[in-house]
Amino acid sequence: MTSLHIDVLRSGEGKEGEYKVTEHEPLAPWTQDTTLTVVGKPLPRVEGADKVTGRARFAYDVHLPAMLFAKVLRSPHPHARIKKVDSTRAEQLFGVRGVLHSGTAPEIDWFKDSKLFDATARYVGDEVAAVAADSEEIAEDALRLIEVEYELLPFITDFRRARDPSAPRLREKGNVATEDGEPKVYERGDVEQGFAEADVTVEEEFTTSSALHNCLEPHGCVAQWEGDQLTLWDSTQSIFTVREEVAKKLELPEHKVRVIKQYMGGGFGSKQIAWKHTVIAALLAKRSGRPVQLMLDREAENLAAGNRNPTRQRVKLGAKRDGTLTAMSVTIEQSVGAYMVGGEGSNTPGLYQRLYKCPNLRTEQWPLYANTGPAVAFRAPGYVEAAWGLEQAMDMLARKLDLDPLDLRLKNYAAADQKRDKPFSEPESLRRCYETAAQRFGWRAYKRQPGGDTRKRGIGIAAHEWGGSGYPPGYAWIKLNADGSADVVTGTQDIGTGTRTSLTQVAAEELGFPIERVRLHLGDTAQGPYAPVSSGSATQPTMGPAVRAAAHDARQQLLRAAAVYLEVDPIKLRVEDGKIFVEGESGHATTVEEVTQRIAPHMIQGHGARGPNPEDVSVRTFGAQCVEVEVDTETGELALLRLVASHDCGRIVNPTLVDSQVIGGITQAIGFALSEERIVDHARGVVLNANLEEYKVPTVHDVPPIEHARVDVADPSANPTGSKGIGEPPLIPTAPAIANAIYDAVGVRITENPITRQRLLEALAAQKPGGDR
Amino acid sequence: MRRFDYASPEVADEALALIGPEARPFAGGTDLLPLMKLDVATPAMLVDVKRSLPSGIEETADGIRFGALTTLAEIERSPVVHEQLPALAEACALAATPQLRNMATLGGNLLQRPRCWYYRSPLFNCWLKGGDECQARDGENQQHAIFDLSPCVAAHPSDPPIALLLFGADVTLRGPSGERTLALDALLQAPTEERRTESTVGEDELIASIRVPAPPAGARSVYLKAMDRKIWAFALVSVAVLLRVENGSIQDPRITLGGVANVPVRATTAERTLAGAAPSEEVYARAAEEALDGAQPLAHNAYKLPLLRGLLTQALRRAVLTD
């Protein structure tokens, strides 16, 4: 039996000083020409039946004997010093089993510079106290009995004012959320010179509002102690992050904390860090000696469990008459809310830095504190916001130059990663997306149909690039059972994207087993080896190669065992559909089951790890979307007529799952574009629509027919499976494509999202009569 | 939600004996339960009236009568409503979601409280809840009223009453001293200093039924609603139009407006302009302009003026259009 060969290498990327453990001998990649039989099939989700029958247990469904219910008291003030908390009356209420607040809870550091229960509340919704009781109703009653004395402090909820000298400060150093109080600046070439060389410039200010994740299943967990062993059923995108953080906060060794997450009702980035609720539940469970469930309600979910950072972007583009970009600059202000929570960064400048070829570029990014809930990564963080600005500015430039917006994009095509100074691993990837989307949509041949006297139609296009390469480390094990079935064990999690299914397909493919003979286990820190957070569209390209490596290891061992029985050279053997064939012989020589039974009770165990990313190329994902809209100029009624999306995520492991990501992502993006907006009364510091009534996510009626024009070209240099991520990219270009189509239809430029009836009608009203359209 | 007592009497008199300021009638629950969850309504008792009040749609000599418990879904699907009161069928179909319409009753819908986010937030003791200030007046008022009828600027959220007012509906109430019937516009009234609610129904009264007189033969009616989402949103603006065209001129026009005031309102000036006029774009435009008479938009809702104008113009075109 082989063991895992590992090297410890100095990492070129990632955190400074980080080491990565990699496979010694990389597998030969599956290329475009490799014939695969399970990977690439639109198989139904392996967990589908469990979900539709209600068998799947989410954190909310975990009900343990004698379990208590916890609720959190939240600050009603945007900024206040907590002078005194008196929970005497709450503690006396019948059925109350534990109360925590700054006076009674251990002092645990939280976020960058705060406490689990801090002496200062920094937004409406900030945690002040928590109660565990026999029922949710008793816990709620108890919250009303907690008396808190607040000293009100000046507040600022509008980040656009956060840099004013007179603005109230959230931190002593000020409201700029960087170490030195300075913006993050990236520069290449000579921007001034570039603008001087430009024949044409466009300049515009764009703002994006704060969208709320609104996971169908809110954040929450069940905490149970058995002696000094803590088990957490947490709704999280990263069981290992939660284990590490909870262990650190509670001063426990990591092996005393077990985190389980089998099913997930949505995370979208907001569940990639360890939030307070988990430690609060653990502390209350410890105190009461009973299991505790703490699920956030919708209001808390929308106030305190993350949001997409609102931004203001001042964009300037310069170009030659033929469309060649000579310079780009952008100043971005973005609100982090009241705290820096960590996790995937909101890299708003990133899209500006890579999407178009431009030698002279300057990006300036100001992360700003404000007295609103903490911002956290939201599906393509930063890029969704940046695309709203950049892709509309490109549209403006195209119109000013009288160029087709698609031609302007092709004119400034970037085949290399200008930030890393390396070619893209698939330099023609974005071009394929442009061509596929434009062709399927009929972009070039579009004839404007009049929708009627007051209805005007138009089309818009937008593009994106994104990461999605995956990265080490990430591990998988495989056990071959005596009956020839296989258990694949990983420490990753399926956050609803279908990871269980797609990784099972990878394992079955490499093993040569029928898929029903392979079962994948995930979502339990006590069972599987380490896997990273499921974020950054990274799970498939990270864990797919790890699973493939483990399956390869197991298959090699299996064939060596078979070779002994068959008395042939193992190199002449292959496995297909659970049968073992000898090269040059017709019919199979033996089966997997015969081999595993002969060696039983000895067991074949495969081990695999995610190898390093290539050093010489930059692995990125790309896409383009085209949309047609109709605007009723009398009423501002906007109809999305059709949308075509083309995204390159390398080899498609399961087309149905990728379609789901594309359609689901675009649906979420339509919300961002048209209706989703956290409304804040800045004078009073209060979020007014932390609910699903006035915070409007799209309904089925709001979503047009979406055509996913698949690309499906393997990127063998990315990793041995040739697959890249698709979870986030579909959101990025949708909103600017819609805004560009509206301009095409009626000649108004909407610079602030979402494009509500109010904004569209105001823009139409401001439009000069007899203007340019 | 706080604890409350619950009663489910079998006859209306028993229900009437129980209800009062602290014991509120409970039917579909689509408004009251959310208010209780928000801690904005805190009744000590809920008196379930689902066993004791009438339900169903009945054609009578003096029009169509709806039991108070008739659900919006039943109205939306009723052939007689489709035939005679299409604007009401459309108003019901455009309200909320199918699930909500299956639960929501017509009686309860008339009494739906404003969806103003200041009113619904436990953080504000707004004027409507007995406080001194209407926070929406200088706050986030993009969804609020453009006609200033009271210190409160919340818009009435319900769709069906816009159509009911169009047809001149009246409402029969039961109280401790018997029944009384009043016109819908006497039932729905802008709140006052003394009465901080949009209805004149007493705390000891129940809505028993709603009667809609049959519209004149040949009349056509239309309901249009503008939302920030295709469905499941309260009206930014809605309009209802009833008219007939006879010998090339508009007869008996009626126009009602939603999403623009504390209660559904009629556009009487515009109605007068239409009466007797030959249908034309110019007449529609004039009527639409006149429907805005007296409008005083707030800082963030001036867009409701062109919206109302456009929506009413389209409703008039549709109502005049012959099949």
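Residues numbered from 1 in each chain as written. Chains lettered and ligands numbered in written order. Predicted model: local features only at pLDDT ≥ 70, side-chain atom pairs only at ≥ 80, totals over all residues. Heavy atoms only, no water.

S.K.: Would you mind going over the pattern of salt bridges with me for this structure?
M.R.: Proximity of charged atoms lets side chains of opposite charge pair with each other. Counted by the stated rule, this structure contains 90 salt bridges over all chains. The partner of B:Arg317 in a salt bridge is A:Glu634, with the nearest N and O atoms 2.7 Å apart. Separated into two different chains, B:Arg317 in helix 12 (residues 304-320) and A:Glu634 in the loop between strand 30 (621-632) and strand 31 (638-648) make up a pair that spans both. One network of salt bridges, with partners in common, ties together A:Asp141, A:Arg144, B:Arg2, B:Arg3 and B:Asp39. (Salt bridge = Lys/Arg side-chain N within 4 Å of Asp/Glu carboxyl O. Helix = DSSP H or I, 4+ residues; strand = E, 2+ residues; numbered from the N terminus.)

S.K.: Got a minute to help me understand the pairing of strand 14 (residues 229-234) of chain A in this structure?
M.R.: The side chains of a regular strand alternate, first on one face of the sheet and then on the other. Residue and element names in this part refer to chain A. Burial runs high along strand 14: five of the six residues are buried. Pairing between strand 13 (residues 220-226) and strand 14: six bridges, direction antiparallel. Considered in strand 14, the bridge of glutamate 226 is made with glutamine 229. Counted between consecutive antiparallel strands, the loop separating strand 13 from strand 14 contains two residues, among which glycine 227 sits at a positive phi close to 65°. Taken together, the four bridges between strand 14 and strand 15 (residues 257-260) define a ladder with parallel strand orientation. Bridge pairing in strand 15 links leucine 232 to valine 259. For the handedness criterion, the β-α-β arrangement of strand 14, helix 5 (residues 239-249) and strand 15 is classed as right-handed. (Buried < 20%, exposed > 50% of the residue type's maximum accessible area, 1.4 Å probe, protein only. Pairing = 2+ DSSP bridges. Right-handed = clockwise from strand over helix to strand, strands pointing away.)

S.K.: Explain the interface of chain B and chain A to me, please; I cannot follow it from the model alone.
M.R.: Counting residues at the interface gives 35 residues for chain B and 37 residues for chain A. Both faces combined, the contact of chain B with chain A buries some 3100 Å², and carbon together with sulfur accounts for 54% of it. Among the residues chain B hides against chain A, the three largest losses belong to B:Trp117, B:Arg229 and B:Lys230. Together they make up 22% of the total. Summed over the shared surface of chain B and chain A, the result is seven salt bridges. Among the salt bridges present, the one from A:Asp141 reaches B:Arg3, with a minimum N-O distance of 3.4 Å. For the pair chain B and chain A, the interface holds 17 residue pairs in polar contact (both at pLDDT 80 or more). In terms of residue count, helix 12 of chain B provides more of the side of chain B that touches chain A than any other element does, seven residues in total. Its residues assigned to classes, the side of chain B that touches chain A comprises 16 nonpolar, eight polar and eleven charged. (Contact = heavy atoms within 4.5 Å. Buried area = accessible area lost by both parts, 1.4 Å probe. Polar contact = N/O pair within 3.5 Å; in protein donor to acceptor, adjacent residues only side chain to side chain. Nonpolar A, V, L, I, M, F, W, Y, C, P; charged D, E, K, R; others polar.)

S.K.: Sorry, what's going on with the packing of helix 15 (residues 655-674) of chain A against helix 16 (residues 734-746) of chain A here?
M.R.: Helix packing for two helices is described by the angle between their axes and how far apart those axes are. Residues and elements named next belong to chain A. In contact at an axis separation of 8 Å, helix 15 and helix 16 are set at 55° when each is read in the N-to-C sense. Between helix 15 and helix 16, the angle is such that the two are oblique. Like other packed secondary-structure pairs, helix 15 and helix 16 cross with a definite hand, here right-handed. Residues Ile666, Ala669, Ile670, Phe672, Ala673 and Leu674 of helix 15 form the contact with helix 16, whose own contacting residues are Thr734, Ala735 and Ile738. (Axes fitted to C-alpha atoms, helices over the stretch in contact; angles between N-to-C directions. Parallel < 35°, antiparallel > 145°, perpendicular 65-115°, else oblique. Left-handed = near helix turned anticlockwise from the far one by under 90°.)

S.K.: Even after reading the chapter, I still don't get the pairing of strand 11 (residues 249-258) of chain B, so can you show me in this structure?
M.R.: All names here are of chain B. Within strand 11, seven of the ten residues are buried, leaving the element largely enclosed by the surrounding structure. Pairing between strand 10 (residues 237-246) and strand 11: eight bridges, direction antiparallel. Across the sheet, the residue bridging to valine 245 is isoleucine 250, located in strand 11. The antiparallel hairpin formed by strand 10 and strand 11 contains two residues in its connecting segment, where asparagine 247 sits at a positive phi of about 50°. Note that strand 11 and strand 12 (residues 265-266) share two bridges and pair antiparallel. Directly across from threonine 256, in strand 12, lies its bridge partner arginine 266.

S.K.: Looking at this model, I keep getting lost on the packing of helix 9 (residues 383-401) of chain A against helix 16 of chain A. Mind explaining?
M.R.: Residue and element names in this part refer to chain A. Two elements in contact, helix 9 and helix 16, have axes whose closest approach is 8 Å; the angle formed by their N-to-C orientations is 30°. Classified by the interaxial angle, the pair formed by helix 9 and helix 16 is roughly parallel. Handedness of the helix 9/helix 16 crossing: right-handed. Residues Ala387, Trp388, Glu391, Gln392, Asp395 and Arg399 of helix 9 form the contact with helix 16, whose participating residues are Ala735, Pro736, Ala739, Asn740, Tyr743 and Asp744. Residues belonging to the contact of helix 9 with helix 16 are distributed by class as follows: six nonpolar, two polar and four charged.

S.K.: Help me understand unusual backbone geometry, please; the structure alone is not making it clear to me.
M.R.: One can expect most non-glycine residues to show negative phi and most peptide bonds to be in trans. The omega torsion across A:Ala600 and A:Pro601 is 5°, close enough to zero to call that bond cis. You can see A:Pro601 is positioned in the loop between helix 14 (592-599) and strand 29 (604-609). Phi at B:Trp232 takes a positive value of approximately 55°, unusual for a residue other than glycine. Mapping B:Trp232 onto the fold places it in the loop between strand 9 (220-226) and strand 10.

S.K.: Help me out: how do you make sense of helix 5 of chain A in this one?
M.R.: The periodicity of an α-helix, 3.6 residues per turn, causes residues three or four places apart in sequence to face the same way. Three or more residues of helix 5 of chain A are buried, namely A:Ile239, A:Phe240, A:Val242, A:Arg243, A:Val246, A:Ala247 and A:Lys249. In this fold, the buried residues of helix 5 of chain A make contact with strand 6 (109-110), strand 14, strand 15 and helix 6 (276-288) of chain A.

S.K.: How do you make sense of the environment of A:Gly496 when you look at a structure like this?
M.R.: Residue and element names in this part refer to chain A. With respect to the helices, strands and loops of the structure, glycine 496 is situated in the loop between strand 24 (486-490) and helix 12 (499-511). Residue glycine 496 is classed as partly exposed on the basis of its relative accessible area of 24%. Other than its neighbours up to four places away in sequence, glycine 496 contacts Arg45, Lys51 and Met264.

S.K.: What is the right way to look at the sheet that holds strand 31 of chain A in this model?
M.R.: Pairing between the strands of a sheet comes from backbone hydrogen bonds, and it takes one of two forms, parallel or antiparallel. Residues and elements named next belong to chain A. The four strands lie next to each other as 22-30-31-34, forming an open sheet whose pairing is mixed. A single partner strand is all that each edge strand has here, and the edge strands are strand 22 (455-466) and strand 34 (706-708). On average, each strand axis in the sheet is inclined to that of its neighbour by 10°, with strand direction left out of account. The pairing of strand 30 with strand 31 spans ten bridges and is antiparallel. Bridged to glutamate 628 within strand 31 is arginine 642. The sheet contacts of helix 15 involve strand 30, strand 31 and strand 34, and relative to strand 31 the element is tilted by about 135°.

S.K.: How should I be thinking about the side chain of A:Gln272 in this particular structure?
M.R.: All names here are of chain A. When you line up the elements, glutamine 272 lands in the loop between strand 15 and helix 6. Classification of glutamine 272 by relative accessible area gives buried; the value is 4%. Polar contacts involving the side chain of glutamine 272 include one to the main-chain amide nitrogen of glutamate 344, which spans 2.9 Å. If near-sequence neighbours (up to four positions away) are discounted, glutamine 272 is found in contact with Gln237, Ser238, Thr241, Gly343, Glu344, Ala377, Val533 and Ser535.

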